[in-house]
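Take a look at the letters that make up each chain.
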Amino acid sequence: MKRICLNCNDPIIGRTDKKFCSDQCRNAYNNVKNKGFENHVSRINSILRKNRVVLERMSGSVNKKVVPVISFSTSGFNFNYYTSTYTTKKGLVYYFCYEYGYLQLGSDKVMIVKRED
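Summary of the structure given here. Numbering of residues starts from 1 in each chain and follows the order in which that chain's sequence is written. The predicted nature of this model means local features are confined to residues of pLDDT at least 70 and side-chain atom pairs, given and counted, to a pLDDT of 80 or more, with totals for whole chains, interfaces and linings taken over all residues. Side-chain figures throughout are based on the complete set of non-hydrogen atoms in the structure, without hydrogens or water.

**Focus: the side chain of serine 59**
1) Next: Numbering of helices and strands runs from the N terminus; a helix is a DSSP stretch of H or I covering at least four residues, while a strand is a stretch of E covering at least two. Tracing the sequence through the fold places serine 59 in helix α1 (residues 23-59).
2) Next: We call two residues in contact when some of their heavy atoms are within 4.5 Å. When neighbours within four sequence positions are excluded, serine 59 is seen to be in contact with Lys65, Tyr100 and Ile112.

What follows is the structure in structure tokens.
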């Protein structure tokens, strides 16, 4: 039985369990197969990384800092994306982008914190 490459339909020579004629064909096939999922994940990771960078820049070298909420909108920060939340005993919800988090203080201020593990 003649085996053919799943990507280019060329004949396969070699091991009986090979599915592709070359590494290039294997990579091309998998890139096309995973394209939609990878684009979605890549876009979300990009937003999360940008949010983290914004929080890091705004906080400076301190672990806790209060900043005006307007500075978030001018920096391109996206409040809809975060990696985790932390709810205090008082019911306050901190939103984290990796190790940097923020807490809304009313409608005009935000407190940025850095989690120390």
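**Some points on the nonpolar core**
1) Next: What makes a nonpolar core is a set of buried Ala, Val, Leu, Ile, Met, Phe, Trp, Tyr and Cys residues whose side-chain atoms join them at distances within 4.5 Å. Relative accessibility thresholds used throughout: buried, under 20% of the residue-type maximum; exposed, over 50%; partly exposed, between the two (1.4 Å probe, protein chains only). Listed in full, the eleven residues of the largest apolar core are Val54, Leu55, Met58, Val67, Phe72, Phe77, Cys97, Tyr100, Tyr102, Val110 and Ile112.
2) Next: Here this core takes three residues from α1, the largest share from any one element.
3) Next: When residues no more than four places from it in sequence are discounted, the contact partners of valine 67 are Met58, Phe72, Asp108, Lys109, Val110 and Ile112.
4) Next: Of all hydrophobic cores here, the second largest spans five residues; its members include Tyr94, Phe96, Leu103 and Met111.

**Concerning the pattern of salt bridges**
1) Next: For salt bridges, the criterion is a side-chain nitrogen of Lys or Arg within 4 Å of an Asp or Glu carboxyl oxygen. By the definition in use, this model includes four salt bridges.
2) Next: The closest approach of N and O atoms between arginine 26 and aspartate 23, which form a salt bridge, is 3.2 Å. In this pair, arginine 26 and aspartate 23 are both assigned in helix α1, three residues apart and thus about one turn of the helix distant.
3) Next: Taking relative accessible area as the criterion, arginine 26 reaches 34% and is therefore assigned partly exposed.
4) Next: A residue is classified by how much of its surface remains accessible, and aspartate 23, at 48% relative accessible area, is partly exposed.
5) Next: One salt bridge connects arginine 52 with glutamate 56, and the closest N-O pair in it is separated by 3.2 Å. Remark: glutamate 56 and arginine 52 occur in helix α1; sequence separation between them is four residues, near one turn of the helix.
6) Next: On the basis of relative accessibility, which here comes to 22%, the residue arginine 52 falls in the partly exposed class.
7) Next: Of the residues examined, glutamate 56 reaches a relative accessible area of 31% and is grouped as partly exposed.

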